[in-house]
Amino acid sequence: MTVEVLQRKLVIMLLWITFCSLFSISWCLSPFVISSINNGLTIEDFQPQQIHLSIGETSDTVVVTWLTPSETPSSVVKYGTERMNNAVQGTLDKFMDGGRQHRIMWIHRVELKNLSPNTKYIYHCGSPLGWSEEFSFTTWKNGTEWAARVVMFGDMGAVNPQSLPRLQEETQLGMYDAVIHVGDFAYNMDSDNARVGDEFMRQIQPIAAYVPYMTCVGNHEFMYNFSNYRARFTMPNYRDTENLFFSWNMGPVHFVAVSTEAYYFMEFGLKPLSRQFEWLINDLEEASKPEARAERPWIIVYGHRPMYCSNSDHDDCRSINCLTRVGISLLNVYGMEALLDKYGVDIAVWAHEHSYERLWPVYNYTVYNGSMEEPYTNSKAPIHIITGSAGCQERHDHFIPDKPFWSAFRNSDYGYTRLTAYNATHLYFEQVSDDQKGEVIDRIWVIKDQHVPFAELRSQAE
C-alpha cells in the first residue's frame, strides 16, 4: 500500500472519527479503522516498536528512533515537560534485510532540538495510524562541570542476555545518564531474516527508550556489510558515516567510537578503514588541543575488539602484532595505539572477549604506571578496559593460566562496567557482577592533574 493511498484513507478515517465523536457514536470507530488499513495489514503493522534514544549532534538534541513493519504517512514525536504539547516531524527510511525473505521495515527518526538542560521530558512517537506508550528522559546538565554516569558493556545477545534485567532496573531507577554498548548485538541481528534483531531491540527498549543508547559496531554485525546495524541506530553524524565512527561530548568527557571491524573485513574494501583513520586523527587533534582539554579534559575511545587480552581463545588481541594496535602489517599503516598515545587518550574501552579485564597503563607492551602505590594516578599511558561479559549464547571466554605482566585484574562473571566522570581530575570505574547479584568486584579511581600527550608526561618523569 502506497503512502498516497494511506493518506487518502487517513483523511476519510479522520472525517469519520470526527463525525462519530460529534454524535457520540462510539461503536462505529473501531471497525472503520480496521477496514481502512486492510489489504492484509493490521494495526500492529503501523504500531511503533523498538523505540530507542541517542544523543544528537549537540548535547541539547535527543534523537528518537523506532521501527514499523509497514510505511506510515508521517513520523512524529509529541513531547513536553508536563504535557506532550510539542510535536516534531521526522524522517522515514526504508530498510530491506539481506536475508532470503528480503524483509522490509521502516526506520523512523525524529530530532528533538534545543532542549532545556537537566529537564525531564515525557514523549511518545508514531503517526495517526498508531502511537507508542508514553516514555520519558532527562536531558544532561549544561556545561562540563557535572558528574556524568555511564554504563558500558558489549556482547549482549537476544539469547542469554543475563545482565539485561539488572540493567533495565537500574536504568529505571535513574542510575545512568547514558548507555554505551561496545559492539555485538543480538547474536545476530540478521538471523531469521532479521527477526532476532527485532527481538533484541524490543528487549532493550526498557533501557534505550529512557536514556541515550550509544553504540559501536562489532563483528557479529558483519552480515550484508553491517546493514542491520547501520540501518537501525542513529548515532551522531549517521547520515555521513552510518553509525560506524563518530564522537560525542558528555560532561567533562569526549567519547570517540570507532569500528575495529574495518581492520578485519577487508572484503568490504580498504576505504572504510582509511576514511575512519583520517577522521580519527582529525577528531583527536581537535579534542586534544589545549583549549579543548581545558574545557573537556577526558578523552575515552571505545571500539569492539581489544588491542590486548589474556583469553585462551587465540583472538587477534593475543598477538603482539594485533591489527588494531599496529595496523595493516604489509602496509605498516593505520595502527591505532600510536594515536592513543600521541593524543593522550586517557581510557580505551573494548569488548569482544566474553570476560572483564583491566590493564595497567600500557603502551607498546610497556607498563607506565603513575607510581607503584598509585598506578592510575597521573599514569603515563592509556588505560585499557575490556567489558564483554553482558551475556550471550556463546557463554564465557576463559583466560590463559598465567596472567601477563600488563594485566591488573580479570574475571569471567557476567556483568558490566559503570563509569562516573566526576570532574576534570577524577574518573571512577567499577565492575558489577551479575553472577554475584550486583556485587562490585573491581573498582579504580583514575586521577590526572595534566591532560597532555603521554610522551610529554614520560619525559617529565625522566
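- An unreviewed UniProt entry lists the chain under the name Purple acid phosphatase, from Macrobrachium nipponense.
- According to the UniProt record, the Catalytic activity (unreviewed entry) comment for the chain reads "a phosphate monoester + H2O = an alcohol + phosphate".

Quick notes on the overall build of the chain
Part 1 of the argument: Each helix and strand in the chain was counted, giving 11 helices and 28 strands.
Part 2 of the argument: The dimensions of the chain, computed from C-alpha atoms along their principal axes, are 85 × 45 × 45 Å.
Part 3 of the argument: For the chain, buried positions account for 58% of its 462 residues.
Part 4 of the argument: Once local pairs closer than 6 in sequence are excluded, the contacts in the chain between residues at least 24 apart make up 69%.

So, the pattern of salt bridges
Once their charged atoms are close, side chains differing in charge can pair, the charge on each being opposite to the other.
Part 1 of the argument: Across all of its chains, the model carries 19 salt bridges by this definition.
Part 2 of the argument: Taking the shortest distance from any N to any O, the salt bridge between glutamate 199 and arginine 202 comes out at 3.5 Å. Taken together, the residues glutamate 199 and arginine 202, both in helix H4 (residues 191–208) and three residues apart, mark about one turn of the helix.
Part 3 of the argument: Its salt-bridge partner being arginine 418, residue glutamate 430 comes within 2.8 Å of it at the nearest N-O pair. With glutamate 430 in strand S27 (residues 426–433) and arginine 418 in strand S26 (residues 415–421), this pair connects stretches of sequence that are 12 residues apart.

Focus on the side chain of asparagine 160
Part 1 of the argument: Position of asparagine 160 among the secondary structure elements: in the loop between strand S11 (156–157) and helix H3 (164–172).
Part 2 of the argument: The exposure class assigned to asparagine 160 is buried, which follows from its relative accessible area of 18%.
Part 3 of the argument: Side chain to side chain, asparagine 160 and tyrosine 414 meet in a polar contact 3.0 Å long.
Part 4 of the argument: Once you skip the residues sitting within four places of it in the chain, asparagine 160 turns out to touch Gly391, Cys392, Gln393, Arg395 and Tyr414.

A closer look at the sheet that holds strand S24 (residues 383–387)
Part 1 of the argument: The strand order across the open sheet built from seven strands is S15-S16-S17-S20-S24-S21-S25, with neighbouring strands paired in mixed fashion. In this open sheet, the two edge strands, each paired with only one partner strand, are strand S15 (246–250) and strand S25 (407–411). Sheet twist, expressed as the average angle between the axes of neighbouring strands with direction ignored, equals 15°.
Part 2 of the argument: The pairing of strand S17 (residues 298–302) with strand S20 (residues 347–350) spans three bridges and is classified as parallel. Its bridge partner lying in S20, isoleucine 300 is registered against isoleucine 347.
Part 3 of the argument: Sheet contacts for helix H7 (residues 271–287): S15, strand S16 (253–257) and S17; angle to S16, the most-contacted strand, approximately 175°.

Brief notes about the state of the cysteines
Formally, a disulfide is one covalent bond, and it connects the sulfur atom of one cysteine to the sulfur atom of another.
Part 1 of the argument: One pass over the structure, following the stated rule, counts one disulfide.
Part 2 of the argument: With a sulfur-sulfur separation of 2.1 Å, cysteine 309 is cross-linked through a disulfide to cysteine 317. The disulfide joining cysteine 309 to cysteine 317 has a torsion of about 75° about its S-S bond and is therefore right-handed.
Part 3 of the argument: Owing to a relative accessible area of 2%, cysteine 309 belongs among the buried residues under this scheme.
Part 4 of the argument: Not engaged in a disulfide, the cysteine cysteine 216 finds its nearest cysteine sulfur in cysteine 317; these two sulfurs lie 15 Å apart.
Part 5 of the argument: With a relative accessible area of 0%, cysteine 216 lands in the buried category.

Some words on the domain arrangement of the chain
Part 1 of the argument: Split into domains, the chain comes out as domain 1 (43–142) and domain 2 (143–460).
Part 2 of the argument: Across the boundary between the two partners, domain 1 contributes 34 residues, which contact 37 residues of domain 2.
Part 3 of the argument: Where domain 1 packs against domain 2, one counts two salt bridges.
Part 4 of the argument: When the shortest N-O distance is used, the salt bridge between aspartate 93 and arginine 239 registers 3.2 Å.
Part 5 of the argument: Run the count over domain 1 and domain 2 and you get 25 residue pairs in polar contact (both at pLDDT 80 or more).
Part 6 of the argument: Elements that contribute at least two residues to the side of domain 1 that touches domain 2 include exactly strand S1 (49–55), strand S2 (62–68), strand S5 (91–96), strand S6 (104–112) and strand S9 (135–138).
Part 7 of the argument: For the side of domain 1 that touches domain 2, the class distribution of residues is 12 nonpolar, 13 polar and nine charged.

A few points about the environment of tyrosine 176
Part 1 of the argument: Relative to the helices and strands, tyrosine 176 is located in the loop between H3 and strand S12 (178–182).
Part 2 of the argument: On the basis of relative accessible area, tyrosine 176 is assigned to the buried category, the value being 5%.
Part 3 of the argument: Spatially, the C-alpha atoms of tyrosine 176 and proline 212 are 9.5 Å apart, while their sequence positions differ by 36 residues.
Part 4 of the argument: Not counting residues within four places of it along the chain, the set of residues in contact with tyrosine 176 comprises Arg149, Val150, Val151, Glu170, Thr171, Val211, Tyr416 and Arg418.
Part 5 of the argument: At 2.4 Å, the side chain of tyrosine 176 forms a polar contact with the side chain of glutamate 170.

Overview of the packing of aromatic side chains
Part 1 of the argument: Per the counting criterion, the structure on display carries 25 aromatic pairs.
Part 2 of the argument: A cation sits over an aromatic face here: arginine 305 above tyrosine 264, 4.0 Å from the ring centre.
Part 3 of the argument: When the ring centre of tyrosine 368 is taken as origin, the NZ or CZ atom of arginine 458, which lies over that ring, is 4.7 Å away.

Observations regarding the packing of H3 against H4
Part 1 of the argument: In the contact formed by H3 and H4, the axes pass within 8 Å of each other and the chain directions differ by 30°. Our classification of the angle between H3 and H4 gives roughly parallel. On the side of H3, the interface is formed by Leu164, Leu167, Gln168, Thr171 and Gln172, while H4 contributes Gln203, Ile204, Pro206 and Ile207.
Part 2 of the argument: Considered class by class, the residues forming the contact of H3 with H4 number five nonpolar, four polar and no charged.

A word on the UniProt feature "domain: Purple acid phosphatase C-terminal" (unreviewed entry) in the chain
Part 1 of the argument: Using the residue numbers shown here, the UniProt feature "domain: Purple acid phosphatase C-terminal" (unreviewed entry) corresponds to residues 381–442.
Part 2 of the argument: Its end C-alpha atoms 20 Å apart, residues 381–442 is made of 0% helix and 47% strand.

Some details on the confidence of the model for the chain
Part 1 of the argument: Confidence in the prediction of the chain, expressed as mean pLDDT, is 92, and 91% of residues score 70 or more.
Part 2 of the argument: Taken together, the stretch residues 14–38 has pLDDT below 50 and engages in 20 contacts with residues farther than four places along the chain or on a different chain.

Cut-offs and rules
- Residues numbered from 1 in each chain as written.
- Predicted model: local features only at pLDDT ≥ 70, side-chain atom pairs only at ≥ 80, totals over all residues.
- Heavy atoms only, no water.
- UniProt positions renumbered as here; feature names shortened; annotations may be inferred.
- Helix = DSSP H or I, 4+ residues; strand = E, 2+ residues; numbered from the N terminus.
- Buried < 20%, exposed > 50% of the residue type's maximum accessible area, 1.4 Å probe, protein only.
- Contact = heavy atoms within 4.5 Å.
- Salt bridge = Lys/Arg side-chain N within 4 Å of Asp/Glu carboxyl O.
- Polar contact = N/O pair within 3.5 Å; in protein donor to acceptor, adjacent residues only side chain to side chain.
- Pairing = 2+ DSSP bridges.
- Axes fitted to C-alpha atoms, helices over the stretch in contact; angles between N-to-C directions.
- Disulfide = S-S within 2.5 Å.
- Domains from an automatic or database assignment.
- Nonpolar A, V, L, I, M, F, W, Y, C, P; charged D, E, K, R; others polar.
- Phe/Tyr/Trp six-rings, centres within 6.5 Å; stacked < 30°, edge-to-face > 60°.
- Lys NZ or Arg CZ within 6 Å of the ring centre and 35° of its normal.
- Parallel < 35°, antiparallel > 145°, perpendicular 65-115°, else oblique.
- pLDDT = per-residue confidence, 0-100.

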